[in-house]
Amino acid sequence: MVAAKSVPQDQSLSDLFEAVLRPPPDETPAQREARVLAEQQAKQVSDAIDEQLRVERAELRKSKPDVKILLLGQSESGKSTTLKQFQLLHTPAAFQAERVAWRTVIYLNLVRSVRRILDTISPEREEEEIELADTVSLNSDPRTATSSTPTDPETLRIAAEKHAEYSTLLAPVLELEGRLIRSLREDDEEDEATRLGDGSTPGWSLPRGECAVRTTNNWKRALTLGRNRSKTSAGPSAWWEDPKDPVHVLERCRDGMTRLWGDDWVRHRLIEKRVRLQESSGLCVCVLLKSAEASAALTSTPSYLDQIDRITAKKYTPTDDDVLKARLKTVGVVEHSFTINMGTMRGNSNWVIYDVGGARNQRHAWAPFFQDVNAIIFLAPISAFDQVLTEDPRVNRLEDSLLLWRAVVSNKLLEKVPIVLFLNKCDLLQEKLEAGVQLKNHLITYGDRPNDYESVSKYLRNKFGLLHNQSTTNREREFFIHYTAVTDKEKTAQIISSVREAILRINLKTLKLM
């Protein structure tokens, strides 16, 4: 048996390691080269492990933000636009980097607006729309219901000629729709675009449903300059040099789209068919109105159709307002992270905002996000009092918002969570009221109160506030109400700053740091 060598008492552990790592005295140059290479490779492996650990720690910190906010509300309530406003305010560099990617969405909004107008003046739709207008009413009082009268043969003849003329003239624009949808779906695993039901009221349908993208599909990355520009372009701003870019089709058809939107007969026909072109998101959303109301509505809210020359220019870059008004339905949860500087003493505060789908078939997915939430921003589009849900035309949108609001404020999982209520789309509410749309025809409880903006907005504010007080299980909950039009950049920035400070104050108070 070989006896183990004893270690001298005065020899330290570091001396032993040094002895082990010391190169042999008779090491040849080839052996030295191999040893150095092995040491370099081992260091690379060690550095990679350290980097992976750093990334995992960073991800862990991200997964546990200091402040977690949920954006809740029905579909089309303005949640996505609110999320854009947060991004614009707190991560402007990222917003700027994604600006060009929104071109495709804005083009699609414009194209679909053109298609909807052509569908509206189509004589082939006349019988169906008259029947629906006679049978579907959003009015609570049947005495206020309106009906359509048959269209005379001369009007039908002109409608057929106009529809044929503009359909031929704008055929390239209509064909462009499919290309735009495919470009938004470039990274998706499925070949076909997700299409949802038509986003309008009864009496309106499209040959194709509304386009939607899944949140797992990074369409913004797919449409950034780095991937979307021509391979032969020398600079980062050369999409207009790519002959396949959709801007060339739109530019060629610019005059045709301008003629369609400026055609007096077409405008008059839209009024006759009691269609309100509501352009809050760049898309035409139709609502049955009286002729006088529709006439006022056609000229009230600016839209992409009023900016055809600018939007179809070869070097068009979307403005902040263009992006805020752009509409693209998403399926799933949209997450946005940002950091707020709390000062030298308190460091930074990491925020995560979740925009969860508001359609009825997506609301079941809300519950998992209730855990550890620090605040809820609930959006109620109060201008939608004369509209119905896309998912269920029997349900008035304002009534749905009230029911959804009651469900949220009465939820015991959220009884200690501060709530901020955005009574949204106040600008559109004011336009409707000034156009003569009567709230009492759609909300019986309003009675004979004045139909002006101040009276209506105050009544709805009180209604939501009373419902909170009656339904909440925690009367001490922090509760704030704001009138908003989240497409208004300046005013919304002020409101968001106020909301942010309130949430920070409440969060710090909860952590006993105040």
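Position numbers for residues start from 1 in each chain and track the written sequence from start to end. Local features are withheld for residues below a pLDDT of 70 in this predicted model, meaning they are given only at 70 or higher, and side-chain atom pairs are given and counted only at 80 or more; totals for whole chains, interfaces and linings count all residues. Each side-chain value is derived from all of the structure's non-hydrogen atoms; neither hydrogens nor water enter the calculation.

**Q** What is the right way to read the overall build of the chain from this model?
**A** Only DSSP runs of H or I reaching four residues or more are called helices, and only runs of E reaching two or more are called strands; each is numbered from the N terminus. Of the regular secondary structure elements, the chain holds 20 helices and nine strands. Between buried and exposed lies partly exposed: a residue is buried under 20% and exposed over 50% of the maximum accessible area for its type, with that area taken using a 1.4 Å probe on protein chains only. Counting only residues that meet the buried cut, the chain has 49% of its 514 residues in that class. Contacts in the chain between residues at least 24 apart in sequence constitute 75% of all its contacts with a sequence separation of at least 6. Summed over all atoms, the accessible surface of the chain reaches about 26500 Å², with 52% contributed by carbon and sulfur. The contact criterion used throughout is that any non-hydrogen atoms of two residues lie within 4.5 Å. Note that accessible areas follow from Shrake-Rupley with a 1.4 Å probe, and for residues the cover is restricted to the protein chains shown.

**Q** Help me understand the sheet that holds strand β5 (residues 333-341), please; the structure alone is not making it clear to me.
**A** What links the strands of a sheet is backbone hydrogen bonding, and the strands pair in either a parallel or an antiparallel sense. Strand pairing follows a simple DSSP-based rule, namely that at least 2 bridges must link the two strands. One open sheet holds the six strands; their spatial order is β5-β6-β1-β7-β8-β9, and the pairing between them is mixed. The two strands at the open ends of the sheet, each matched to only one other strand, are β5 and β9 (479-483). On average, each strand axis in the sheet is inclined to that of its neighbour by 20°, with strand direction left out of account. Note that strand β7 (residues 375-381) and strand β8 (residues 419-424) share six bridges and pair parallel. From the neighbouring strand, I376 faces β8, where its bridge partner is I419. Orientation is described by lines fitted to C-alpha atoms, with helices fitted over the stretch in contact, and by angles between N-to-C directions that extend from 0 to 180 degrees.

**Q** Help me understand the pattern of salt bridges, please; the structure alone is not making it clear to me.
**A** It is possible for side chains bearing opposite charge to pair when their charged atoms get close. Salt bridge criterion: a side-chain nitrogen from Lys or Arg within 4 Å of a carboxyl oxygen from Asp or Glu. Counted by the stated rule, this structure contains 17 salt bridges. A salt bridge links R157 to E154; its shortest N-O distance comes to 2.5 Å. Within this pair, R157 and its partner E154 are both found in helix α7 (residues 153-169), separated by three residues, close to a single helical turn. R157 gets classed as partly exposed once you look at its relative accessible area, which sits at 39%. Residue classification places E154 among the partly exposed residues on the basis of a relative accessible area of 42%. Two residues, E501 and R500, come together in a salt bridge whose shortest N-O distance is 3.0 Å. Look at E501 and you get partly exposed, because its relative accessible area is 42%.

**Q** Is there a simple way to explain the confidence of the model for the chain in this structure?
**A** Predicted coordinates in regions of low pLDDT should not be interpreted in detail. Per-residue confidence from the predictor is given as pLDDT, running between 0 and 100. For the chain, the average pLDDT comes to 76, and 70% of its residues sit at 70 or higher. The low-confidence segment residues 1-17 (pLDDT under 50) makes one contact with residues lying over four places distant or belonging to another chain. Every residue in residues 226-236 is under pLDDT 50, and counting partners more than four places away or in other chains gives 15 contacts.

**Q** How should helix α18 (residues 426-434) be read in this particular structure?
**A** Note: α-helices contain 3.6 residues per turn, so residues at a spacing of three or four share the same orientation. Buried within α18 are the following residues: C426, L428, L429, E431, K432 and L433. Contact partners of the buried residues in α18: β8, α19 (453-471) and β9. Once α18 finishes, G436 follows within two positions and takes phi at roughly 105°, a positive value.

**Q** Is there a simple way to explain the environment of W261 in this structure?
**A** When you line up the elements, W261 lands in helix α12 (residues 254-262). Overall, W261 belongs to the buried group, its relative accessible area being 8%. W261 sits 45 residues away from D306 along the chain, and the two C-alpha atoms are 8.2 Å apart. In protein, a polar contact requires one atom able to donate a hydrogen and another able to accept it; more generally it is a pair of N or O atoms within 3.5 Å, and residues adjacent in sequence count only if both atoms are side-chain atoms. A polar contact is formed between the side chain of W261 and the side chain of D306, at a distance of 2.9 Å.

**Q** What is the right way to look at the packing of helix α5 (residues 102-120) against α12 in this model?
**A** At their nearest, the axes of α5 and α12 sit 11 Å apart, and the two run at 50° to each other. In terms of axis orientation, α5 runs oblique to α12. Viewed along their axes, α5 and α12 form a crossing whose handedness is left-handed. Between α5, through L110, V114, I117 and L118, and α12, the contact on the second element is made entirely by M257, L260 and W261. Counted by class, the contact of α5 with α12 contains seven nonpolar, no polar and no charged residues. Geometric relationships in this document are graded by angle, where less than 35 degrees denotes roughly parallel, more than 145 denotes roughly antiparallel, 65 to 115 denotes roughly perpendicular, and other angles denote oblique. Two helices crossing with the near one rotated counterclockwise from the far one by less than a right angle form a left-handed crossing, whereas a clockwise rotation gives a right-handed crossing. Three classes are used, and their members are as follows: Ala, Val, Leu, Ile, Met, Phe, Trp, Tyr, Cys and Pro are nonpolar, Asp, Glu, Lys and Arg are charged, and the others, Gly among them, are polar.

**Q** Would you mind going over the pairing of strand β6 (residues 348-356) with me for this structure?
**A** In regular strands, side chains alternate between the two faces of the sheet. For β6, a buried count of seven out of nine residues is recorded, marking the element as mostly surrounded by other parts of the structure. Of the strand pairs in this sheet, strand β1 (residues 67-72) and β6 are connected by five bridges, and their pairing is parallel. Bridge pairing in β6 links L71 to D355. The pairing of β5 with β6 spans nine bridges and is antiparallel. Among the inter-strand pairings, S337 is bridged to a residue of β6, identified as V352.

**Q** In this structure, what is going on with the nonpolar core? I would like to understand it.
**A** One broad rule of soluble globular proteins: the nonpolar side chains tend to lie buried together. Put simply, a nonpolar core is a bunch of buried Ala, Val, Leu, Ile, Met, Phe, Trp, Tyr and Cys residues held in one set by side-chain atoms that sit within 4.5 Å of each other. Ranked by size, the top nonpolar core spans 40 residues in total, and within it M257, L260 and V266 carry the most contacts. Of all elements in the fold, only α5, α7, α8 (171-184), α11 (247-252), α12, α13 (264-272) and α15 (308-311) reach the threshold of two or more residues within this core. In this view, M257 contacts L110, V114, L170, V173, L250, I308 and T312; residues no more than four positions away in its chain are not counted.

**Q** Before we go on, may I ask you to explain unusual backbone geometry in this structure?
**A** Phi is mostly negative for residues that are not glycine, and the peptide bonds are mostly trans. One non-glycine residue with positive phi stands out, namely E76, at about 70°. Mapped onto the fold, E76 is located in the loop between β1 and α3 (79-90). With a phi close to 65°, K425 is a non-glycine residue in the positive phi region. Inspection of the secondary structure puts K425 in the loop between β8 and α18. Residue K425 is classed as buried on the basis of its relative accessible area, which comes to 14%.

**Q** What should I look at first to understand the pairing of β1 in this one?
**A** Summarising burial for β1: six of the six residues are buried, a large majority. Neither face of β1 is open: one carries V67, I69 and L71, the other K68, L70 and L72, and all of them are buried. The pairing of β1 with β7 spans four bridges and is parallel. Residue pairing for β7: L70 is matched across the bridge by I376.

**Q** What is the right way to look at the packing of aromatic side chains in this model?
**A** Aromatic ring pairs are reported here in terms of the distance separating the ring centres and the angle at which the planes meet. Planes of paired rings set the category: under 30 degrees apart is stacked, over 60 is edge-to-face and the rest tilted, where pairs are Phe, Tyr or Trp rings (Trp by its six-membered ring) whose centres lie within 6.5 Å. Enumeration according to the criterion identifies seven aromatic pairs in this entry. Aromatic rings pair up to connect F378, W405, F464 and F479 into one cluster. Its guanidinium or amino end placed over the ring of W102, K84 lies 4.3 Å from that ring's centre, counting from NZ or CZ. Lysine and arginine charges are scored as sitting over a ring when NZ or CZ, respectively, is within 6 Å of the ring centre and within 35 degrees of the ring normal. Against the face of W261 rests R267, its NZ or CZ located 4.1 Å from the ring centre.

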